[in-house]
Amino acid sequence: MEFVTFFLKQHNRMFALLGQHMAIVALSLSIAACIALPLGYFLSRTRWISVAVIGAFSTIYAIPSIALLVLLVPVTGLGMRTAVVVISIYAQFILLRNVVISFQTVDPAVLEASRGMGLSALEILLRIELPLTAPSLISGFRVATLSSISVATIAATINSGGIGILMLEGVRNLHMVKLVWGILLASALSLTANQLLTRAETRFSDRARGLDRRKQKNVSQEIYDASL
Amino acid sequence: MKKDFGNAHAGHIFAVAAVLLFAVFVNTAGAADGSAKKITVGSKGFAENNIIAKLYQYALEENGFTVEFVTNLDNAVLYAAIEKGDIDLYPEYTNTGITNVLKITPIYDPDEAYRVVKEQYKEKLDIVWLQPSTINNTYCLVVARSAADKLGLVDIADAQKHAKQLRAVQGGSNWRERADHLPAMEKGYGAFEFKDRKIYDSGLKYSILLAGQGDLTMGYTTDPQLENPNLVTLTDSRQIWPPYYLAPIIRQDKLTQYPEIEGIVNRITSQLQTKTVIGLSADVVLRHEEYEDVAKDFYEKTFAGK
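Model, not experiment: these values are computed from the prediction.

Caption draft 1: How the structure looks around the overall build of chain B. The number of helices and strands found in chain B is 13 helices and 10 strands. Burial statistics for chain B: of 306 residues in total, 40% are counted as buried. Counting only contacts in chain B whose residues sit at least 6 apart along the sequence, the fraction spanning at least 24 positions is 77%.

Caption draft 2: Structural view of the nonpolar core. In terms of nonpolar packing, the biggest core is built from 103 residues, with L95 of chain A together with Y56 of chain B touching the most fellow members. When residues no more than four places from it in sequence are discounted, the contact partners of L95 of chain A are A32, A33, A36, G140, F141 and A144 of chain A. Counting 24 residues, the second-largest nonpolar core is a separate cluster that includes A147, A148, I156 and M218 of chain B.

Caption draft 3: Structural detail: the domain arrangement of chain B. Residue and element names in this part refer to chain B. Each domain of chain B was delimited in the assignment, giving domain 1 (37-136 + 245-302) and domain 2 (139-233). Centre-to-centre separation of domain 1 and domain 2, based on C-alpha positions: 27 Å. Counting from both sides, the interface comprises 15 residues of domain 1 and, opposite them, eight residues of domain 2. Looking at the side of domain 1 that touches domain 2, the elements that each hand over two or more residues are α4 (94-101) and α12 (274-285).

Caption draft 4: Spotlight on the interface of chain B and chain A. Contacts between the two partners involve 20 residues from chain B and, on the opposite side, 16 residues from chain A. Elements that contribute at least two residues to the side of chain B that touches chain A include exactly α3 (75-84) and α12 of chain B. Ranked by residues supplied to the side of chain B that touches chain A, first place goes to α3 of chain B with five residues. Per-class residue counts for the side of chain B that touches chain A are 11 nonpolar, five polar and four charged.

Caption draft 5: Summary view of the sheet that holds strand β7 (residues 196-200) of chain B. Residues and elements named next belong to chain B. The five strands lie next to each other as β7-β6-β8-β5-β9, forming an open sheet whose pairing is mixed. A single partner strand is all that each edge strand has here, and the edge strands are β7 and β9 (231-233). Averaged over neighbouring strand pairs, the angle between their axes works out to 35 degrees when direction is ignored. Pairing of strand β6 (residues 167-171) with strand β8 (residues 216-220), which is carried by two bridges, proceeds in the parallel orientation. Considered in β8, the bridge of V169 is made with T217.

Caption draft 6: Molecular detail of the packing of helix α2 (residues 47-61) of chain A against helix α4 (residues 80-104) of chain A. Residue and element names in this part refer to chain A. Axis separation between α2 and α4 bottoms out at 9 Å; the angle between their running directions is 150 degrees. As far as their axial angle goes, α4 and α2 are roughly antiparallel. Between α2 and α4 the crossing geometry is left-handed. On the side of α2, the interface is formed by S50, I54, F57, S58, I60 and Y61, while α4 contributes I89, Y90, Q92, F93, L96, R97 and V100. Partitioned by chemical class, the residues of the contact of α2 with α4 number nine nonpolar, three polar and one charged.

Caption draft 7: View of the environment of I101 of chain A. All names here are of chain A. With respect to the helices and strands, the residue I101 is situated in helix α4. Assessed through the 16 C-beta atoms surrounding it within 10 Å, I101 is described here as partly exposed. As a C-alpha pair, I101 and Y41 span 60 residues in sequence and 9.4 Å in three-dimensional space.

Caption draft 8: Looking closely at unusual backbone geometry. Residues and elements named next belong to chain B. Of note, Q239 is a non-glycine position whose phi angle comes to about 50 degrees, a positive value. Here Q239 lies in the loop between β9 and β10 (246-251). Here Q239 falls in the exposed class, since 8 other C-beta atoms lie within 10 Å of it. Even without a glycine there, the phi angle at H288 is positive, about 55 degrees. Mapping H288 onto the fold places it in the loop between α12 and α13 (291-302). Residue H288 is classed as partly exposed on the basis of its 17 C-beta neighbours within 10 Å.

Caption draft 9: Focus on the packing of α4 of chain A against helix α6 (residues 121-154) of chain A. Residues and elements named next belong to chain A. Two elements in contact, α4 and α6, have axes whose closest approach is 9 Å; the angle formed by their N-to-C orientations is 155 degrees. Between α4 and α6, the angle falls in the class roughly antiparallel. The interaxial crossing formed by α4 with α6 has right-handed handedness. Judged by residue contacts, A83, V86, I87, Y90, A91, I94, L95, N98, V99, S102 and F103 of α4 engage E129, T133, S136, L137, G140, F141, V143, A144, S147, S148, V151 and A152 from α6. Partitioning the contact of α4 with α6 into residue classes produces 15 nonpolar, seven polar and one charged.

Caption draft 10: Just α13 of chain B, in detail. All names here are of chain B. With 12 residues, α13 extends 16 Å between its outermost C-alpha atoms, agreeing within 8% with the 16 Å of an ideal straight helix rising 1.5 Å per residue. Listed in full, the buried residues belonging to α13 are Y291, V294, A295, F298 and Y299. Along the axis of α13, the buried residues cluster in a sector spanning 130 degrees; they form a single face. Counted as exposed and oriented over 90 degrees from the buried face of α13: E300 and K301. Those residues of α13 that are buried are in contact with α2 (47-62) and α12.

Caption draft 11: The confidence of the model for chain B, seen in detail. Residues and elements named next belong to chain B. In the predicted model, chain B carries a mean pLDDT of 88, and 89% of its residues have values of at least 70. A low-confidence stretch, residues 1-8 stays under pLDDT 50, and its non-local contacts, those more than four residues away or across chains, total zero contacts. Across the interfaces of the predicted complex, the ipTM metric reaches 0.77, alongside a pTM of 0.81.

Caption draft 12: Representation of the environment of I39 of chain B in the model. Residues and elements named next belong to chain B. Position of I39 among the secondary structure elements: in strand β1 (residues 37-42). For I39, a count of 21 C-beta atoms within 10 Å puts it in the buried group. Here the alpha-carbon distance between I39 and Y258, two residues 219 residues apart in the chain, equals 9.7 Å. Other than its neighbours up to four places away in sequence, I39 contacts L60, F65, V67, D88, L89 and K254.

What counts and what doesn't
Residues numbered from 1 in each chain as written. Chains lettered and ligands numbered in written order. Predicted model: local features only at pLDDT ≥ 70, side-chain atom pairs only at ≥ 80, totals over all residues. Helix = DSSP H or I, 4+ residues; strand = E, 2+ residues; numbered from the N terminus. Buried ≥ 20, exposed ≤ 12 C-beta atoms within 10 Å, placed from the backbone. Contact = placed C-beta atoms within 7 Å. Core = buried A, V, L, I, M, F, W, Y, C linked by C-beta atoms within 7 Å. Domains from an automatic or database assignment. Nonpolar A, V, L, I, M, F, W, Y, C, P; charged D, E, K, R; others polar. Pairing = 2+ DSSP bridges. Axes fitted to C-alpha atoms, helices over the stretch in contact; angles between N-to-C directions. Parallel < 35°, antiparallel > 145°, perpendicular 65-115°, else oblique. Left-handed = near helix turned anticlockwise from the far one by under 90°. Expected span 1.5 Å × (residues − 1). Arc of directions from axis to C-beta. pLDDT = per-residue confidence, 0-100.

Quick look at the structure:
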């Protein structure tokens, strides 16, 4: 009962915090993806640099998020900016590793066949590599999203807003209803994101394997077949 | 087909350009409104500090300031934030500044403590201590009623004697390190060899005692939970804890820019009574009201328009 009255009284603030949370995660992931895709594509061609760069990011990833947030406050200030920087860095590790491995696992025979058909490097990337790697790229993006949603709750301690505020205030004042609402919102957000991205992953995976229901010609599949 | 694609492309460029133009417009509109008096008020995130910081906010707003409120910050973050200028003003406690920020030994005389902390903050950090309140939020040692009755605990000295039978609950992680925490207790009463010592979030410490999961914790004298008959505050016969009078601190540059802040803030501070503030904290901690609402009601009853 108290659970419902709390919602009725506080729903405006709760949705505002949920909105902030989604904004932080969306912004961080966009930045991380814009860096990870081109960088990962480049790194996938040069194995030894990719090992070094991914190693560097995994070292940063090992720093607990609360410590990294506090360390960055003197540099980037209080609030959303610091949260976005930290979450982008963490997501970077997950995404970058994923992008590199995805591109490295494209069968070289497929690439050779495409070149043999006279496709340019850009055409190979857009029409062959991206469709083939899409499911695995989305899968990495999904993991990064879930991790970002949870790190963003901790960012409440540096004034970045978000659902973490409800949890923090809930714990500080032993306000169980508030705490549980915080947990529920965060879980709902994670589950929804997971569901949507899993669906996208399946769809792209079907397409990559030539199971696309639309009658559009599947070039990558054709080339794959030709290469066998 | 090709032409369609070109048009769509142009459309996209227009859309992006429009968004950019709008962003520039919004930014310049904000900048043109330079007359607004802006200040950022911070808080440590626990009920008492939140409520008092909110009272400062409402008073400043009534006097034409635009206030940004920042709370839930860890102490270390708060110190960095006011030094860097991310925060302009927040309620601090005299000996917290002395031991935790200036890192010097606690000062037991209240007037001397205020004088020293004010002087050194000005000199080292260019931060001003405004008029102090009469609220002394110092530390105390709290034990569960069951343990107090069983072992006959009245004074901290008794707890020291029976430490081996007591499970200590540590709220926050720097109990052993901060000069005014465990080191102060051991200096005054001798070594505390607790049966065990576990770290929890500070908000949980009393409920852990009340749930029978621990026996002893360090509390704040203004915590409203201490009115619970199942918690016993031990007397401090050797006076190990210095006074922690609450006073707002503000960056010198902000105060120079808007000297009127001093009067606005002092008016609030001078009317804060320990009993009133414990009552307000109880509304938040025990009755689960929102601290903004509690502060707003109190402000409107006590200060608004007067």
